[in-house]
Amino acid sequence: MFLTISTTGTAGSPATDLGFLLHKHPDKAQRFSTSHGTAHVLYPEAGAERCTAALLLEIDPVALVRRAKDKNRGGAPDSALAQYVNDRPYAASSLLAVAIGNVFSTALKGQCAARPELPGAARPLRIEVPVLPARGGAALVERLFAPLGWTVVAEPIALDETFPQWGDSRYVRLVLEGEQRLADALRHLYVLLPVLDDAKHYWVAPDEVEKLLRAGEGWLESHPEQRLIAGRYLGRRWSLTRDALERLALARLAESDDTEAEALDNAVDEETDTEERPVPLAVQRRAAILDALRAAGAARVLDLGCGQGQLVGELLKDPRFTEVAGTDVSPRALAVAARRLRLDRMTERQAARVRLFQGSLAYTDRRLAGYDAAVLSEVIEHLDLPRLPALEHAVFGAARPATVVVTTPNVEYNVRWETLPAGHVRHSDHRFEWTREEFRTWAAEVADRYGYEVAYVPVGPDDPEVGPPTQMGVFTRKEKESEQEKAA
Amino acid sequence: MTSTETTAAAGTAKRTLAVTDLSLVVLIGATGSGKSTFARKHFKPTEVISSDFCRGLVADDENDQSASGDAFDVLHYIAGKRLAAGRLTVVDATNVQAEARRQLVRVAREHDVLPIAIVLDLPEEVCAARNAGRSDRAGLPRHVIQRHRRELRRSLRGLEREGFRKVHVLRSAEEVEAAEVVLERRFNDLRHLTGPFDIIGDIHGCSSELETLLAKLGYEDGAHPAGRTAVFVGDLVDRGPDSPGVLRRVMGMVAAGNALCVPGNHENKLGRWLKGKKVQHSHGLAETIEQLERVDAEDPAFRERVREFIDGLVSHYVLDGGKLVVCHAGLPEKYHGRTSGRVRSHALYGDTTGETDEFGLPVRYPWAEDYRGRAAVVYGHTPNPSATWLNNTICLDTGAVFGGKMTALRWPERELVDVPAEQVWYEPARPLASDAPGGADGRPLDLTDVTGRRVVETRHMGRVAVKEENAAAALEVMSRFAVDPRLLPYLPPTMAPCATSQEEGYLEHPAEAFAAYRADGVRQVVCEEKHMGSRAVALVCRDADVARERFGATGGVSGALYTRTGRPFFDDPAMTERVLRRLSRTAGSAGLWEELETDWLLLDAELMPWSLKAQGLLRHQYAAVGAASGAVFPPALAALEAAAGRGVDVSGLLDRQRERAADAAAFTEAYRRYCWTTGDSAQGWPGEQAETHAPRRVGDRGTDGLDGIRMAPFQILAVQGRSLAALPHGEQLALIDRMIEAETHGSEANNGLCAYTPVYMNRLLAPTRRLVVDTEDEASVAAGVQWWLDLTGAGGEGMVVKPLQALVRTEGGRLVQPGVKCRGREYLRIIYGPEYTRPDNLTRLRARHLGHKRSLALREYALGLEALDRLAEGEPLWRVHEAVFGVLALESEPVDPRL
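Residues numbered from 1 in each chain as written. Chains lettered and ligands numbered in written order. Predicted model: local features only at pLDDT ≥ 70, side-chain atom pairs only at ≥ 80, totals over all residues.

Chemist: Break down the overall build of chain B for me, citing the residues and quoting the values.
Modeler: Looking only at helices and strands, chain B features 30 helices and 35 strands. Computed over its C-alpha atoms, the radius of gyration of chain B comes to 37 Å, more than 25% above the 29 Å expected for a compact globule of 899 residues. Its C-alpha atoms put chain B at 120 × 80 × 55 Å along the principal axes. Within chain B, the proportion of its 899 residues that are buried is 50%. In chain B, 74% of the contacts between residues at least 6 apart in sequence involve partners at least 24 apart. (Helix = DSSP H or I, 4+ residues; strand = E, 2+ residues; numbered from the N terminus. Rg over C-alpha atoms; globule rule 2.2 N^0.38 Å. Buried ≥ 20, exposed ≤ 12 C-beta atoms within 10 Å, placed from the backbone. Contact = placed C-beta atoms within 7 Å.)

Chemist: Describe the domain arrangement of chain B, with residues and values.
Modeler: Domains assigned within chain B are domain 1 (3-184), domain 2 (189-420), domain 3 (454-566 + 768-891) and domain 4 (613-672). Once you take the C-alpha centre of each, domain 1 of chain B and domain 3 of chain B turn out to be 60 Å apart. (Domains from an automatic or database assignment.)

Chemist: So what's going on with the sheet that holds strand S5 (residues 123-133) of chain A? Which residues, and what values?
Modeler: All names here are of chain A. Taken in spatial order, the seven strands make up an open sheet running S2-S3-S4-S1-S5-S7-S6, and their pairing is antiparallel. The strands lining the two open edges of the sheet, one partner per strand, are strand S2 (30-34) and strand S6 (151-158). Across this sheet, the average inter-strand angle for adjacent strands is 15°, counted without regard to direction. Bridge count between S2 and strand S3 (residues 37-46): five bridges; the pairing is antiparallel. Note that in S3 the partner of Phe 32 across the bridge is Ala 39. Here helix H3 (residues 94-103) sits on the sheet in contact with strand S1 (2-8), S2, S3 and strand S4 (50-59), set at roughly 120° to S4. Of the strands in this sheet, S6 and strand S7 (168-180) are in contact with helix H5 (residues 137-145), which crosses S6 at around 160°. (Pairing = 2+ DSSP bridges. Axes fitted to C-alpha atoms, helices over the stretch in contact; angles between N-to-C directions.)

Chemist: Just give me the short version of the UniProt feature "domain: Polynucleotide kinase-phosphatase ligase" (unreviewed entry) in chain B, but keep the residues and values in it.
Modeler: As annotated in UniProt, the feature "domain: Polynucleotide kinase-phosphatase ligase" (unreviewed entry) corresponds to residues 473-679 and 702-894 of chain B in the numbering used here. The span residues 473-679 of chain B is 51% helical and 14% strand by assignment, and the distance between its end C-alpha atoms comes to 34 Å. (UniProt positions renumbered as here; feature names shortened; annotations may be inferred.)

Chemist: Tell me what's going on with the UniProt feature "domain: Methyltransferase type" (unreviewed entry) in chain A, and back it up with residues and numbers.
Modeler: Cross-referencing UniProt, the feature "domain: Methyltransferase type" (unreviewed entry) maps to residues 302-393 of chain A in the present numbering. Helix makes up 29% of residues 302-393 of chain A and strand makes up 23%, while its end C-alpha atoms are separated by 16 Å.

Chemist: Just give me the short version of the pairing of strand S5 (residues 89-92) of chain B, but keep the residues and values in it.
Modeler: Residue and element names in this part refer to chain B. Alternating residues of S5 divide into Thr 89 and Val 91 and Val 90 and Asp 92, and every residue in both groups is buried. Strand direction decides the pairing type here: strand S3 (residues 23-29) and S5, joined by four bridges, are parallel. Note on S5: the bridge partner recorded for Val 25 is Val 90.

Chemist: Quick one: what's the story with the confidence of the model for chain A, residue by residue and with numbers?
Modeler: Residue and element names in this part refer to chain A. On average, residues of chain A carry a pLDDT of 84, and 84% of them reach 70 or more. Across residues 71-77 the pLDDT falls below 50, and counting only partners more than four positions away or on other chains, this stretch makes 13 contacts in the model. Confidence drops under a pLDDT of 50 for residues 238-248, and excluding neighbours within four residues, the segment shows nine contacts in the predicted structure. (pLDDT = per-residue confidence, 0-100.)

Chemist: Talk me through helix H2 (residues 51-59) of chain B; I want residue IDs and the actual numbers.
Modeler: Residues and elements named next belong to chain B. What H2 keeps buried is the set Ser 51, Cys 54 and Arg 55. Buried positions in H2, seen along its axis, are confined to an arc of 105° and lie on one side of it. Those residues of H2 that are buried are in contact with strand S4 (48-50), helix H3 (68-84) and S5. (Arc of directions from axis to C-beta.)

Chemist: Outline helix H14 (residues 341-349) of chain B, supporting the account with residue identities and numerical values.
Modeler: Residues and elements named next belong to chain B. What H14 keeps buried is the set Val 343, Arg 344, His 346, Ala 347, Leu 348 and Tyr 349. Among the structural elements, helix H11 (265-274), strand S13 (316-319) and strand S14 (324-327) are those in contact with the buried residues of H14. Count one or two residues on from H14 and you reach Gly 350, which has phi positive near 75°.

Chemist: Tell me about the interface of chain B and chain A, and please be specific about residues and values.
Modeler: Listed by partner, the interface residues are 80 residues for chain B and 74 residues for chain A. Those elements that provide at least two residues to the side of chain B that touches chain A are strand S15 (352-356), strand S22 (445-446), helix H16 (468-481), helix H22 (615-645), helix H23 (651-672), helix H27 (828-832) and helix H28 (839-845) of chain B. Here the element with the most residues in the side of chain B that touches chain A is H22 of chain B; it accounts for 20 residues. Among the residues making up the side of chain B that touches chain A, the classes are represented as 38 nonpolar, 22 polar and 20 charged. Here strand S11 (residues 363-364) of chain A pairs with S22 of chain B via two bridges, running parallel. Paired with Thr 364 of chain A across the strands is Asp 446 of chain B, a residue of S22 of chain B. (Nonpolar A, V, L, I, M, F, W, Y, C, P; charged D, E, K, R; others polar.)

Chemist: Explain the sheet that holds strand S35 (residues 820-823) of chain B to me, and be specific about the residues and the numbers.
Modeler: All names here are of chain B. Overall, antiparallel pairing links the four strands, which are arranged S33-S25-S34-S35 in an open sheet. Strands with a single pairing partner mark the edges of an open sheet, and in this sheet they are strand S33 (770-774) and S35. In this sheet, adjacent strand axes meet at a mean angle of 25° when their direction is disregarded. With six bridges joining them, strand S25 (residues 524-530) and strand S34 (residues 798-803) adopt antiparallel strand pairing. Following the sheet pairing, Val 526 is matched in S34 by Lys 802. Contacting S25, S33, S34 and S35, helix H26 (residues 778-793) crosses the sheet at an angle of about 155° to S33.

Chemist: With reference to specific residues and values, describe unusual backbone geometry.
Modeler: Residues and elements named next belong to chain B. With an omega dihedral of 0°, the bond running from Gly 195 to Pro 196 counts as a cis peptide bond. Along the polypeptide, Pro 196 turns up in the loop between strand S9 (189-190) and strand S10 (197-200). Although it is not a glycine, Arg 239 sits at a positive phi angle of roughly 75°. Here Arg 239 shows up in the loop between strand S11 (229-232) and helix H10 (243-255).

Chemist: Talk me through the packing of helix H5 (residues 124-132) of chain B against helix H6 (residues 142-156) of chain B; I want residue IDs and the actual numbers.
Modeler: Residue and element names in this part refer to chain B. Between H5 and H6, the shortest axis-to-axis distance is 10 Å and the interhelical angle comes to 135°. Viewed along their axes, H5 and H6 adopt a mutual orientation that is oblique. Pair H5 / H6 crosses with right-handed handedness. Every residue of H6 that contacts H5 at Glu 124, Cys 127 and Ala 128 is listed here: Arg 142, Ile 145, Gln 146 and Arg 149. Grouping the constituent residues of the contact of H5 with H6 by class yields three nonpolar, one polar and three charged. (Parallel < 35°, antiparallel > 145°, perpendicular 65-115°, else oblique. Left-handed = near helix turned anticlockwise from the far one by under 90°.)

Structure representation (structure tokens):
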């Protein structure tokens with residue numbers, strides 16, 4: 001990984017002052033050991049008019065992987081680091097930011113013992129980062145650097161020119177130009193390189209907050225993208241540490257199938273789930289489900305596919321629900337649910353009301369029998385259609401609660417989501433989204449086959465043309481006459 | 001069967017105490033009556049649980065009476081576990097109080113075994129003298145013994161009423177001395193009978209059909225010349241035209257030892273009527289009564305013989321070493337060989353949900369869906385249009401009396417034999433619905449088939465364990481992403497690389513593979529070109545009907561095409577179907593359906609290009625690294641060269657960066673080889689023209705949509721009734737070559753100059769180059785190495801070395817790796833990074849540990865073979881799925897993913 005810092009000189013201030021500012025002699029190539037490789041500082045040009053310093057960080061790819069796997073050191077937060085094929089030796093990342101901090105520590109602090117007047121003065125600077133990973137693309141790069149007074153050029157780099165259809169990579173070639181104090185420029189890079197990369201090679205510790213505030217002093221507080229910057233710099237802390245082991249097991253299965261871990265590991269993401277304004281509709285949906293359960297007089301309730309346990313939490317607030325069981329196929333979702341519900345801190349009496357366990361509706365499960373009601377909220381659309389009959393049998397045929405509440409998106413309503421491109425489903429894992437007609441056809445068939453009656457309830461604003469955003473079916477088991485004489 | 005036996009006080013002759021071989025034996029006697037001594041003498045030490053011992057367990061003191069409550073909890077718990085496992089259990093406690101015995105009878109009933117009482121009713125003096133001889137009981141007051149004896153005497157008379165099915169009372173030390181415990185087999189335990197059997201379904205008075213069926217089975221006047229035994233599953237009578245005739249035939253065969261018979265609910269009801277009980281004459285009993293009355297005139301004793309016959313029927317039989325259970329209405333595994341009222345009731349009536357259907361008939365609980373037992377359960381009771389196996393159970397009631405047919409099952413052949421009904425003898429209350437359990441209605445597997453820590457019994461490697469956390473990870477992937485388990489009869493095992501090479505510049509080298517097989521005593525190996533695509537397993541059925549009938553496929557699909565974790569290979573089902581149809585047609589033109597006597601094939605293959613499936617990985621990892629390295633080196637090298645030009649000493653650094661730039665370029669070249677566009681009708685696969693000797697001629701014709709896609713099958717894993725996993729690779733590849741040839745002919749004809757067909761046919765099948773090497777022959781080994789060097793030098797991924805005989809064991813009986821991979825030097829850049837070939841990197845990378853990977857490869861291989869064997873033998877879905885799921889679970893074990 002590599003970057004250059006250039007300046008131009010004037011009569012009173014030769015470009016070679018850069019050497020004083022960086023505290024590195026322009027006529028020497030210097031090397032510094034850092035934890036992941038060797039940093040080199042050298043000057044390809046060093047004249048009075050123009051002077052350019054280059055920082056080249058030689059990463060040892062094998063050591064990087066071995067360190068990432070080292071459990072004694074806690075491993076690495078970024079699963080990509082465990083790959084030998086990885087961009088870290090080439091792209092400007094948090095490794096380069098750390099190297100800037102180490103190699104240019106004096107300059108970063110705005111100190112210069114030999115020429116104390118230099119650091120305080122702005123000078124024309126040109127910074128070039130040939131390969132900068134930018135999650136959010138060139139537009140975000142512009143939004144981050146332009147408010148700081150830089151003229152920004154961010155050119156996307158093609159993934160592979162032999163396959164133009166693959167499009168651009170997530171890297172840009174970045175050139176910043178502007179009149180800046182060098183210390184400020186370095187601090188901008190120190191913070192914004194890892195923010196743009198949106199990954200860190202080390203575990204973010206609480207002292208990271210201090211580091212951010214120190215490096216951001218004087219510019220971050222008024223930066224319009226302050227939230228994004230702080231969020232990316234710090235916000236992943238909890239998500240990285242959580243359930244690292246479970247993620248690894250899943251990642252291995254993904255890898256053995258030539259897919260990415262993210263493609264499988266999407267069971268825990270309420271934010272991206274479903275719709276653009278998730279909170280209001282999700283809240284309305286839960287309220288509608290609770291109403292249906294109360295109307296049915298249910299006391300013992302199953303939440304099938306409970307995800308992070310939001311509905312379980314709502315159910316527990318009402319004492320009429322004496323027993324609430326949440327199941328999900330994802331152990332990570334259940335771990336999040338347990339944490340959100342604070343299961344380990346509940347009183348014994350409260351804890352006795354709730355149970356969370358891994359389950360799969362592709363299989364019958366005798367633990368699901370004997371409940372008054374079961375909820376399948378935003379679950380069926382996550383199954384491939386050919387596998388839906390297995391779920392129907394497991395729920396309506398085997399578990400057979402008196403009441404089953406099913407919610408699923410109404411695809412007709414999608415035209416009302418302004419940000420949803422036409423023809424797109426609301427969540428990348430949705431295998432299908434049904435019209436009202438399709439849902440009713442399915443529900444009626446299931447009800448008929450398994451001896452239920454079904455009523456339909458709109459959830460959310462019921463648009464006269466396209467219906468409500470969420471459709472809900474409340475299935476009620478038909479009661480049979482008492483058992484007659486056994487006959488054959 | 002209840003018997004209370006006491007002997008004259010003076011009797012000192014041998015006294016036999018009959019004890020059923022699976023029962024709960026309750027010893028009853030005052031303290032000091034010698035129960036423990038008796039138990040030690042007649043039973044194995046592990047069969048006896050004493051209350052004193054349990055007191056010691058919970059209270060550190062065998063005589064601490066305050067711990068009795070907890071001690072008996074423990075005792076009941078242990079007794080329950082033993083009985084559940086089918087082990088004779090003896091309770092050594094005073095048991096003089098009715099309440100204590102009541103709890104034990106409950107434990108026995110819970111586990112459906114007989115409670116048996118052995119009472120030691122010894123004189124007070126004897127007890128007192130024995131207690132006095134024991135230091136820990138010497139101080140026991142006399143009145144305790146007196147109280148025990150009082151309570152015991154009060155109890156004696158009521159023991160049978162309490163539920164004890166046998167009561168043995170011993171009244172003196174001499175009697176105790178002379179007693180001998182004799183184990184008796186249960187009535188239902190006929191494991192020693194091995195048949196062969198012909199099990200015959202519900203008859204319901206259809207004597208003419210019965211005679212026809214018996215004749216078809218080869219019986220001559222009730223006896224089989226080859227000594228076969230008929231087994232009747234009950235419901236001989238009612239509804240049909242000639243119940244007495246059926247009874248006469250069956251009773252005669254049973255009496256002659258040519259048949260066994262279990263009672264049906266109709267015999268049970270008839271028996272009660274014959275005993276003079278009041279029963280409703282519904283469901284066809286009226287007809288039987290009328291028929292019996294007609295018989296009375298000529299054979300007045302017939303009724304009585306029928307009554308005795310029915311009275312003597314045992315509700316179910318365990319036969320053929322425990323492999324076969326026959327009863328009328330089905331029986332869950334925990335009831336096999338058990339004896340209790342509810343076992344009998346289940347055997348006669350089955351289980352019901354408590355509901356009734358729209359015809360007023362009780363809704364039956366589908367016990368067979370839950371059945372996971374090893375024994376086959378053959379039963380009747382519920383009329384179905386035809387008999388089908390479900391989870392190793394089969395219902396033989398095919399509604400003969402309702403105008404269906406009468407069905408028999410030959411055992412152990414598992415062959416069905418049936419005869420049609422001569423007419424509708426009785427109108428059914430409900431039509432013979434096709435909702436037989438196991439119909440193609442998406443009936444799911446049960447979670448207990450797959451979750452938790454599991455041990456899968458395999459034929460080739462014994463017990464293979466699956467850890468709970470791995471099963472949990474697999475459950476998620478299987479549930480959310482995999483194809484329907486019915487269409488997923490196999491997952492491919494992982495494959496270990498050859499041992500790490502010390503050859504300069506190489507991490508993997510075939511010399512290691514040849515040496516390893518030589519060391520295992522494998523002389524002939526085949527080197528197969530390794531295609532760089534994505535693994536694909538194809539379940540190819542002749543057509544959609546076969547897929548529906550054999551695999552329960554829905555939606556008109558003719559099979560499945562899935563990845564190594566069971567995901568559909570293509571997101572678009574139409575693409576899948578196109579590939580499957582092509583494979584099916586090709587197998588047909590190659591004559592494989594007839595030759596292999598099958599109408600489906602399971603194919604293991606590699607599907608290319610890699611970019612087809614690995615788009616995401618390519619974009620985010622491989623191409624990304626290529627893009628980053630490609631963009632960073634030019635400016636970095638320019639900067640270094642400029643610095644050098646200024647006289648700054650950067651020589652070492654500059655050289656190193658140049659080498660790294662070259663490595664990165666080589667990496668980009670390496671992955672690009674495995675990428676090409678598909679679905680573009682103008683473009684085929686690389687080398688297509690050279691191979692077809694003709695340019696693509698698409699013009700205004702359409703194409704078959706498979707443009708650029710290639711599939712290299714390398715093994716036919718299984719066909720109907722047969723696993724081909726052990727078929728030598730030479731024969732395997734010959735079969736596949738025929739498919740390729742058939743496809744080539746087909747596409748040439750289709751795409752020929754004079755073709756008027758509207759579609760241009762892409763050549764889907766790709767050949768696998770191969771070379772047989774003799775590991776003992778140096779020249780042959782050298783040729784193998786050279787072959788690999790040429791292959792990988794030309795951009796090939798590498799090769800897989802397999803024992804030519806496929807399924808091979810060492811002399812010591814250990815399973816040999818079914819294959820090891822030797823990946824090419826350039827290809828490995830994709831695995832170990834662009835710069836792995838640098839000497840200092842190679843040195844470190846050589847420290848890789850193959851042990852776990854090899855063990856994993858073998859375990860997954862054994863599970864895969866097991867799945868194929870179970871599939872071939874027509875075992876129930878859950879058995880096949882268990883092994884398949886095991887492979888997926890093992891895949892989530894933490895092992896170096898680069899191996």
